[in-house]
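These are the residues of each chain, in order.
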Amino acid sequence: MSNFMLLRNKINLPKPGFRNIKTALSVFLCILAFELTGRSNPLIACSAAVICMKETVYYSYKKGADRLIGTLLGGIVGLAFLLIKNSLLPVLPTQSVIAGLGVFVVIYLCNLLNKSDTAVISSIVFLAIAIGASDTSPYLYALNRVIDTFLGIIIALAVNKTIHPMKSDNSQSGLDM
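Reading the values: the criteria
- Residues numbered from 1 in each chain as written.
- Predicted model: local features only at pLDDT ≥ 70, side-chain atom pairs only at ≥ 80, totals over all residues.
- Heavy atoms only, no water.
- Helix = DSSP H or I, 4+ residues; strand = E, 2+ residues; numbered from the N terminus.
- Buried < 20%, exposed > 50% of the residue type's maximum accessible area, 1.4 Å probe, protein only.
- Contact = heavy atoms within 4.5 Å.
- Areas by Shrake-Rupley, 256 points an atom, 1.4 Å probe, with all protein chains shown as cover.
- Core = buried A, V, L, I, M, F, W, Y, C linked by side-chain atoms within 4.5 Å.
- Salt bridge = Lys/Arg side-chain N within 4 Å of Asp/Glu carboxyl O.
- Axes fitted to C-alpha atoms, helices over the stretch in contact; angles between N-to-C directions.
- Parallel < 35°, antiparallel > 145°, perpendicular 65-115°, else oblique.
- Left-handed = near helix turned anticlockwise from the far one by under 90°.
- Nonpolar A, V, L, I, M, F, W, Y, C, P; charged D, E, K, R; others polar.
- Disulfide = S-S within 2.5 Å.

(A) The arrangement of the overall build of the protein in detail. Secondary structure summary: the protein contains seven helices and zero strands in total. Listing each helix as α and each strand as β along the protein from the N terminus yields α-α-α-α-α-α-α. Sorting the 177 residues of the protein into buried and exposed places 33% on the buried side. For the protein, long-range pairs separated by at least 24 residues make up 70% of all intrachain contacts whose partners lie at least 6 apart in sequence. Counting only carbon and sulfur atoms, one obtains 68% of the accessible surface of the protein, whose full area is about 10600 Å².

(B) Representation of the nonpolar core within the structure. Counting 14 residues, the largest nonpolar core has Cys30, Ile153 and Ala156 as the members making the most contacts within it. Elements represented by at least two residues in this core include exactly helix H2 (18-37), helix H3 (43-52) and helix H7 (138-162). If we ignore the near neighbours within four places in the chain, the residues touching Cys30 are Pro42, Ala45, Cys46, Ala49, Gly152 and Ile155.

(C) Highlighting the pattern of salt bridges. According to the stated counting rule, one finds five salt bridges in the structure shown. Between Asp148 and Arg39 there is a salt bridge, with its nearest N and O atoms 2.5 Å apart. Taken together, the residues Asp148 in helix H7 and Arg39 in the loop between H2 and H3 connect sequence positions 109 residues apart. For Asp148, a relative accessible area of 0% puts it in the buried group. One salt bridge in this structure joins Arg145 and Asp148, with 2.5 Å as the shortest N-O distance. In this pair, Arg145 and Asp148 both sit in helix H7, three residues apart, roughly one turn of the helix. Like Asp148, Arg145 is buried. A network of salt bridges, in which partner residues are shared, links Arg39, Arg145 and Asp148.

(D) Broad picture of the packing of H2 against H7. Where H2 contacts H7, the two axes come as close as 9 Å, and the packing angle between them is 135°. It follows from the interaxial angle that H2 and H7 lie oblique. Helix-helix and strand crossings are classified by hand; for H2 and H7 the assignment is right-handed. Between H2 and H7, the residues in contact are Lys22, Leu25, Ser26, Leu29, Cys30, Ala33 and Phe34 and Asp148, Leu151, Gly152, Ile155, Ala156, Val159 and Asn160, respectively. Grouping the constituent residues of the contact of H2 with H7 by class yields nine nonpolar, three polar and two charged.

(E) Fine view of the side chain of Arg67. Tracing the backbone through its elements, the reader meets Arg67 in helix H4 (residues 57-88). In contact with Arg67, not counting residues within four places along its chain, are Ile44, Ser47, Ala48, Ile51, Cys52, Ile121, Thr149 and Ile153.

(F) Structural detail: the state of the cysteines. Within the structure shown, the criterion is met by zero disulfides. With no disulfide of its own, Cys52 lies closest to Cys30 among cysteine sulfurs, the gap being 9.7 Å.

Okay, structure coming up:
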């Protein structure tokens, strides 16, 4: 028996849970899909996959839907504010007014639409578009973030549904991340 096995038995390390394995597999598949298709920077897709890998397929779907709604809302508000900023309000001396007002509108809309769980991701997407976290066109950036998020969600859902799916009543083990 190897020294590692002796040490492992002595320490009594637990086996990784299925959610841990499925999350890692989802990240692997996101990066592989990006490499095979020539898309750059799979960070958003990987983040969506990690965030959406939940205890059950139902909870993964719910988190994925919230994530996609938040991304769409932040993207739409971000693009609207860019149009305002670029055409109607070129006199604003800083981005602070646009950023502060935009985050206020995003959070208000999330609450108004009874989607307060999406406020954080909506605000992040808004800020990425409105204050230029990317060197590309903000319109293209917004579209790509929605596509990347969607890909990560689909991959996480597919993995969660096909590999040891947990029953909705939480009767199976593997809840650990």
